[in-house]
Amino acid sequence: MLATSLAVAQPPTPPKVNFVDIAERAGLTAKTEDGDDKTKRYIIETTGSGAAAFDFDNDGLPDIYVACDSTPSLLFHDNHNGTFTETAAEAGVAFNDGGREQAGMGADAVDYDGDGWPDIIKTNFSDDTAALYRNNGDGTFCDVTPAAGLGKNSQFLGWGTLFVDIDNDGWPDIFMANGHVYPEVDSKGLSNTFRERKILYWNEHKGRFRDISLDSGPGITTPFNSHGVAAADFDNDGSVEILVNNSHDHPSLLRNLGDHGNWILLKLEGTKSSRNAIGAKVTVRVGDHRQTREVRSGGGYISQSDFRLHFGLGNATKADAVEIRWPSGLVQRLENLAGNQVVKIRKDVGITEK
């Protein structure tokens with residue numbers, strides 16, 4: 001009888017992990033008012049819902065915007081030393097244009113008008129409109145909701161929202177998922193319903209949006225109680241799909257079958273910095289028009305979209321110039337990058353895979 005020796009693989013040893021909450025040290029828990037260290041408004045008393053981390057002043061470090069429910073929303077400016085200063089009121093994004101607190105739910109930030117400065121979209125509770133804050137480029141924002149064409153829809157309770165270029169024309173459009181929090185509203189004879197359709201605003205290129213929801217197919221008009229929203233080009237065909245998480249129902253995967261132009265999809269890979277390149281900022285120029293996107297973790301409302309950055313090129317067959325500003329400050333530039341392809345770019349190396 002032969003003796004058999006079996007080698008037993010030892011389980012790997014987990015790394016030492018030690019997370020420490022530094023919120024107070026970083027300035028995320030209290031705000032000193034009027035220069036008086038003894039008078040503090042504790043930010044923890046607010047009701048934060050959605051959040052978006054983005055570099056609103058283009059200084060190279062991410063700031064944090066928090067949409068708050070029935071309390072002033074918050075904007076934490078990165079001080080470049082590991083701390084933040086809350087500046088929402090001074091920056092013009094704590095309240096709406098009437099100076100009123102809103103019941104904020106989801107938030108996203110993208111440069112929608114091509115001026116190089118990221119803007120903010122925020123969804124709110126029913127009987128109110130969403131809020132669109134345009135970046136003035138000087139550390140402040142202005143509420144342009146009515147002027148931009150977003151002031152008519154007040155019956156919806158908004159949750160996840162994203163800037164998504166649905167037709168690849170190079171101008172970000174706005175998608176919003178909606179649904180009430182109380183199933184009982186269906187039996188109260190109110191104008192609100194528990195399940196609600198979605199909203200899709202098309203960017204008209206002149207600082208205004210058009211509501212095209214009712215002409216955008218059953219994926220938009222069929223009512224659900226929708227909350228989380230994430231976007232990705234799941235089949236790499238250049239047309240971005242949208243995944244919606246629905247309460248009391250299965251999720252919805254919205255495939256975009258409409259007309260769309262040329263495109264380019266950039267997958268960034270960090271080396272010394274984050275491998276997913278979180279915090280990298282990319283500017284794509286086609287003719288005189290430029291688009292800016294950031295690689296971001298989290299967004300919309302309790303969701304995570306694709307780390308890859310999608311840019312619509314319209315009728316152009318190539319991007320004239322692509323500039324990548326990595327979190328370390330390194331800037332890489334590429335020219336005449338052909339469209340209608342997925343391009344992988346590694347820091348310090350350049351294009352590694354198409």
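Our subject is the structure listed above.
Keep in mind that what you see is a predicted model, and the values were worked out from it rather than measured. (Residues numbered from 1 in each chain as written. Predicted model: local features only at pLDDT ≥ 70, side-chain atom pairs only at ≥ 80, totals over all residues. Heavy atoms only, no water.)

Participant: Honestly, the pattern of salt bridges in this entry has me stumped. Any pointers?
Facilitator: Two side chains bearing opposite charge may form a pair once their charged atoms approach each other closely. Counted under the stated rule, the structure contains 16 salt bridges. Here Asp108 ties to Arg296 by a salt bridge, and the two come within 3.1 Å at their closest N and O atoms. Here the residue Asp108 occupies a position in strand β7 (residues 104-110), and Arg296 occupies one in the loop between β20 (289-294) and β21 (309-314), the gap between them amounting to 188 residues. Where Arg346 meets Glu269, a salt bridge forms, and the shortest distance between an N and an O atom there is 2.9 Å. With Arg346 in strand β24 (residues 342-346) and Glu269 in strand β18 (residues 262-269), this residue pair connects regions lying 77 residues apart in the sequence. Residues joined in a network through salt bridges with shared partners are Glu269, Arg275, Lys344 and Arg346. (Salt bridge = Lys/Arg side-chain N within 4 Å of Asp/Glu carboxyl O. Helix = DSSP H or I, 4+ residues; strand = E, 2+ residues; numbered from the N terminus.)

Participant: What is the right way to look at the pairing of strand β4 (residues 63-68) in this model?
Facilitator: Two faces, one strand: in a regular strand the side chains alternate between the faces of the sheet. Burial runs high along β4: 5 of the 6 residues are buried. Strand direction decides the pairing type here: strand β3 (residues 48-54) and β4, joined by 5 bridges, are antiparallel. When the sheet's bridge partners are listed, Ala51 is paired in β4 with Val66. Taken together, the 3 bridges between β4 and strand β5 (residues 74-78) define a ladder with antiparallel strand orientation. From the neighbouring strand, Ile64 faces β5, where its bridge partner is Phe76. Linkage of β4 to β5, two consecutive antiparallel strands, is achieved through a turn of 5 residues, within which Ser70 is found at a positive phi near 70°. (Buried < 20%, exposed > 50% of the residue type's maximum accessible area, 1.4 Å probe, protein only. Pairing = 2+ DSSP bridges.)

Participant: What is the right way to read the pairing of strand β12 (residues 173-178) from this model?
Facilitator: For β12, a buried count of 6 out of 6 residues is recorded, marking the element as mostly surrounded by other parts of the structure. Along β12, one buried face is formed by Asp173, Phe175 and Ala177 and the opposite face, lined by Ile174, Met176 and Asn178, is buried too. Relative to β12, strand β11 (residues 158-164) is paired through 5 bridges, and the arrangement is antiparallel. Note that in β12 the partner of Phe163 across the bridge is Ile174. Where β12 meets strand β13 (residues 199-203), 3 bridges bridge the pair, whose relative direction is antiparallel. From the neighbouring strand, Ile174 faces β13, where its bridge partner is Tyr201.

Participant: Is there a simple way to explain unusual backbone geometry in this structure?
Facilitator: What you tend to see is this: most non-glycine residues have negative phi, and most peptide bonds are trans. The backbone of Asn58 shows a phi angle near 55°, a positive value even though the residue is not glycine. Among the structural elements, Asn58 can be located in the loop between β3 and β4. One non-glycine residue, Ala277, adopts positive backbone phi at about 60°. Looking at the element boundaries, Ala277 is found in the loop between β18 and β19 (281-286). Taking the relative accessible area as the measure of exposure, Ala277 reaches 1% and is therefore buried.

Participant: When you look at the sheet that holds β20 in this model, what are you seeing that I'm missing?
Facilitator: Strand order in this open sheet of 4 strands is β20-β19-β22-β23, and the pairing throughout is antiparallel. Across the chains shown, the open sheet's two edge strands, defined by having one partner strand only, are β20 and β23 (331-338). On average, each strand axis in the sheet is inclined to that of its neighbour by 20°, with strand direction left out of account. Summarising the sheet, β19 and strand β22 (residues 318-325) pair through 5 bridges and their orientation is antiparallel. Considered in β22, the bridge of Arg285 is made with Ala321. (Axes fitted to C-alpha atoms, helices over the stretch in contact; angles between N-to-C directions.)

Participant: Looking at this structure, I do not really get the sheet that holds strand β10 (residues 141-143). What am I missing?
Facilitator: Strand pairing in a sheet relies on backbone hydrogen bonds. The paired strands run either parallel or antiparallel. Read across the open sheet, the 4 strands follow the order β7-β8-β9-β10; overall the sheet is antiparallel. Whereas interior strands pair on both sides, the edge strands pair on one side only; in this sheet they are β7 and β10. If you compare each strand with its neighbour and ignore which way they point, the axes differ by 20° on average. For β7 and strand β8 (residues 119-124), the ladder comprises 5 bridges, and the chain directions are antiparallel. Looking across to β8, one finds that Ala107 is bridged to Lys122.

Participant: When you look at the side chain of Asp111 in this model, what are you seeing that I'm missing?
Facilitator: Within the secondary structure, Asp111 sits in the loop between β7 and β8. It turns out Asp111 is buried and unbridged, and the closest side chain with the opposite charge, Arg290, is 5.7 Å from it. Within the local environment of Asp111, its side chain forms a polar contact with the backbone nitrogen of Asp113, the two atoms lying 3.3 Å apart. Within the structure, the side chain of Asp111 is placed 3.3 Å from the backbone nitrogen of Asp115, a separation counted as a polar contact. (Lys, Arg positive; Asp, Glu negative; His and termini not counted. Polar contact = N/O pair within 3.5 Å; in protein donor to acceptor, adjacent residues only side chain to side chain.)

Everything listed is a geometric property; what it means functionally is a separate question.
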